[in-house]
Every structure is written in structure tokens, then in C-alpha cells.
Amino acid sequence: MAAGTRARSTAGPTGQWKATGSRLALLPLRLFLGVTFVYAAFDKLSDTHYLAGAGDAASFYAQTKAAKGSSPIGWALGPALDAPTFFGLLIAFGELAVGLGTLFGLWGRIAALGGALLSATLWLTVSFHTTPYYLGNDLAYLMAWTPLLLAGTPVLSVDGYLAARAERDRGRGLAEDAVRRRALLDGGIAAVALGGAGLLSGSLTATLGRDENAAPATAAGTPGATSPVPQEQNGGPSVPAAQVPVGGSATVKDPASGDAVYIVQPAAGQYAGLSSVCTHSGCAVNPPKDGQLYCPCHGSKFDAATGAVITGPAVKPLPKYTVTKNGDQLRLGPQQKS
Ligand code: FES
């Protein structure tokens, strides 16, 4: 008898810990995905470049256009190029809805399905050709959504609360139809409330949160471009030197490849051309800021003077071009051999 009691008391706390651990096992992943998707949504909505359109090399339009040629679903990206503002907002608000639904555990499987679809879309368009494959974060996100898609969000969540209440309703003899209707109705009310809060905060961020003074990442020669149109004389395109301040840039187009190139002046009187095409997976890097060019796709950073990689996942420097100054004009020369 005493031995049996001792055995139970040893197994009790351990068993409880194990049971609690199993119950909460998906909570860290859920918090991470929820916070990340909310953050990603606000990051897009507050980014001046994101909805800037065809004239901005860092815009949703430019990134989609760059992906169209190499993506295995490039054939399906036409509508996104025809209505980039709509699709850009759809992705940003989709991420917000997915993030909030995941954080609050409201209709968790639907939120996880949305997250998986968004991650699959980004993988097939942005990071499909990343080598080796494990450096492409969208594939990792797609895999991370799978456990939540299978298990839902039953713990510390609105779903959990509604399920427990449904059990109580059944216990007091309420008909199954009525139990389901009540859960669906209250879940719908919670979704409308949460969706409304997300829509309001997202819209306010998109309207008020953008830095309107940010330098446009303009791609000269692209429809709607706002940068000075380069003059092509004696070969390469040129821009007035006055339009390239120290630490800033102007954008021209490489006549050979058609890629946008930043003409930069990292120090007074020092000029160079740096390709805007990220060497990691082909996204357009942002124009120089604080001595660096940042790639919004996976976070690579490049030195604004040399194009060298500061932070990966990119491993190769940005291709460099010679730039010559003739009077008050800066002319782009050929790409330098690496
Ligand atoms: S495309 Fe991946 S970091 Fe630039």
C-alpha cells in the first residue's frame, strides 16, 4: 500500500509536467509566428517604398516583376502586376489577419492555413532559387505553419475558450446544433472585432506611419519613374552630379542587362555604380542609407562604397560599375570584372 502510494506520488508531478509540456508544446511556435506576421504586416504598411509602384525599385510591383522571370509560378503573377496596390495591400492585411488570429488563437487552423498559403506564395516567388535551400526562410515558415495547421490553437486561446464552453453547454443538455451555432456566432463576433481592430490599426499605419521623406528607390526608365531620366550619350547613361549627394544615389539603367544601377557617392568626390539586384536571390536592394544598401527580402546588407557583403545570407558582393565624371555629368561605364 505504502509502496503504491510512493509510486503514484513519484509519477504524479513528473506526469503532470510532461502533460503540461505536451499541452503547451506549440505555444512558443504560435507566439513566434503570430508576432512575426503582425510585425511583417506593419513593416510593409509603414514602408514608403512598398506601394510606391513601378517607379520604385524596392516596391511590391518591382519585386514582383523581378520575380516573374524566374518564379515557377511566374505565369500567375500577371494580375499582381496589373493591380499592385490591391495585391500589395492584400498580402499586408492578410499577414495581419493571420498574425492576429494566430496570437489570439481565433479560428487557429484557418489562420495557419492562411499563413501557409502566404509562405508558399513567397517561397515560390521570392526565395525559390535560394541556394542552399535552407537559407530561404519562406520554406521554413511554410513548414512551421504545418503543426499549427494540424493541431489548431486549443490552448490559451479564444478557440480553447469556445470549445470549453461548448462542452459545458453539452453537459447541461443543449442540442448539438445549438452548441455549434453559439460557438460559430461568438467566434464570428470575435473575428469581426479582431479584424476591425487590425484593419483600423493597419490603415492608420499605412496612412500616417510612412516616412514620406525616405529617398525613393527609383528605377530609371521604368514607367512612372520619378528619378531624373538619364541621358544616354556616348554609350552609358548619365545623370547630373548634383543629383547624387554624398551618401545618396541616383538610379540609372544598365544598357546591357536592363537592371537598375545605383550611382553612389560614398565620400565627397568618390563615385561608383552598384547593381540594385541582390546577389542572394535577385530582389531589388534599397538605395543607400547610412552607408549600406539593404535587401528587404532576406535582410542582406551591402557596403555602399564597395558593394561588399556586410550581412548575409548573400555571399557575393553587388556587381560594381565604373562611373566617370565629365563636367557636371556622371556617366555609367561598364560593369567591372569581379
Ligand atoms: S534576395 Fe535574399 S537577401 Fe536579397
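Small disclaimer: the values here were computed from a predicted structure and weren't measured.

K.L.:
I would appreciate a short explanation of the sheet that holds strand S7 (residues 301-303) in the present structure.
P.N.:
In sheet architecture, strand pairing relies on hydrogen bonds along the backbone and comes in two forms, parallel and antiparallel. The antiparallel open sheet is built from three strands, whose spatial order is S6-S7-S8. Each having just a single partner strand, strand S6 (292-294) and strand S8 (309-311) make up the two edges of the open sheet. Adjacent strand axes in the sheet meet at a mean angle of 35°, parallel and antiparallel pairs treated alike. With three bridges connecting them, S6 and S7 associate as antiparallel partners. Note on S7: the bridge partner recorded for Gln292 is Asp303.

K.L.:
In this structure, what is going on with the pairing of strand S5 (residues 270-275)? I would like to understand it.
P.N.:
Where strand S4 (residues 260-267) lies against S5, five bridges are found, and the strand directions are antiparallel. Each residue of the ladder has a partner; that of Val261, found in S5, is Ser275. Between S4 and the antiparallel strand that follows it, S5, lie two residues; Gly269 among them carries a positive phi value of about 85°. Both S5 and strand S9 (residues 320-326) contribute to a ladder of two bridges, which runs antiparallel. The residue of S9 that forms the bridge with Leu274 is Lys320.

K.L.:
Is there a simple way to think about the nonpolar core in this case?
P.N.:
In terms of nonpolar packing, the biggest core is built from 56 residues, with Val261 and Ile263 touching the most fellow members. Taken together, domain 1 (22-208) and domain 2 (231-335) each give at least three residues to this core, which thus spans both. Discounting chain neighbours no more than four positions away, the residues touching Val261 are Val252, Lys253, Asp254, Gly273, Leu274, Ser275, Ser276, Tyr321 and Leu332.

K.L.:
I would appreciate a short explanation of helix H5 (residues 84-104) in the present structure.
P.N.:
Residues lying three or four places apart along an α-helix face the same way, a consequence of the helix completing one turn every 3.6 residues. Here H5 spans 30 Å end to end across 21 residues, near enough to the 30 Å set by a 1.5 Å rise per residue. Three or more residues of H5 are buried, namely Pro84, Gly88, Ala92, Glu95, Leu96, Ala97, Val98, Gly99, Leu100, Gly101, Thr102 and Leu103. Those residues of H5 that are buried lie in contact with helix H2 (27-45), helix H3 (60-68), helix H4 (78-82), helix H6 (108-125), helix H7 (137-151) and helix H9 (176-208). Following H5 by one or two positions, Gly105 adopts a phi angle in the positive range, close to 65°.

The rules behind the values
- Residues numbered from 1 in each chain as written.
- Predicted model: local features only at pLDDT ≥ 70, side-chain atom pairs only at ≥ 80, totals over all residues.
- Pairing = 2+ DSSP bridges.
- Helix = DSSP H or I, 4+ residues; strand = E, 2+ residues; numbered from the N terminus.
- Axes fitted to C-alpha atoms, helices over the stretch in contact; angles between N-to-C directions.
- Core = buried A, V, L, I, M, F, W, Y, C linked by C-beta atoms within 7 Å.
- Buried ≥ 20, exposed ≤ 12 C-beta atoms within 10 Å, placed from the backbone.
- Domains from an automatic or database assignment.
- Contact = placed C-beta atoms within 7 Å.
- Expected span 1.5 Å × (residues − 1).

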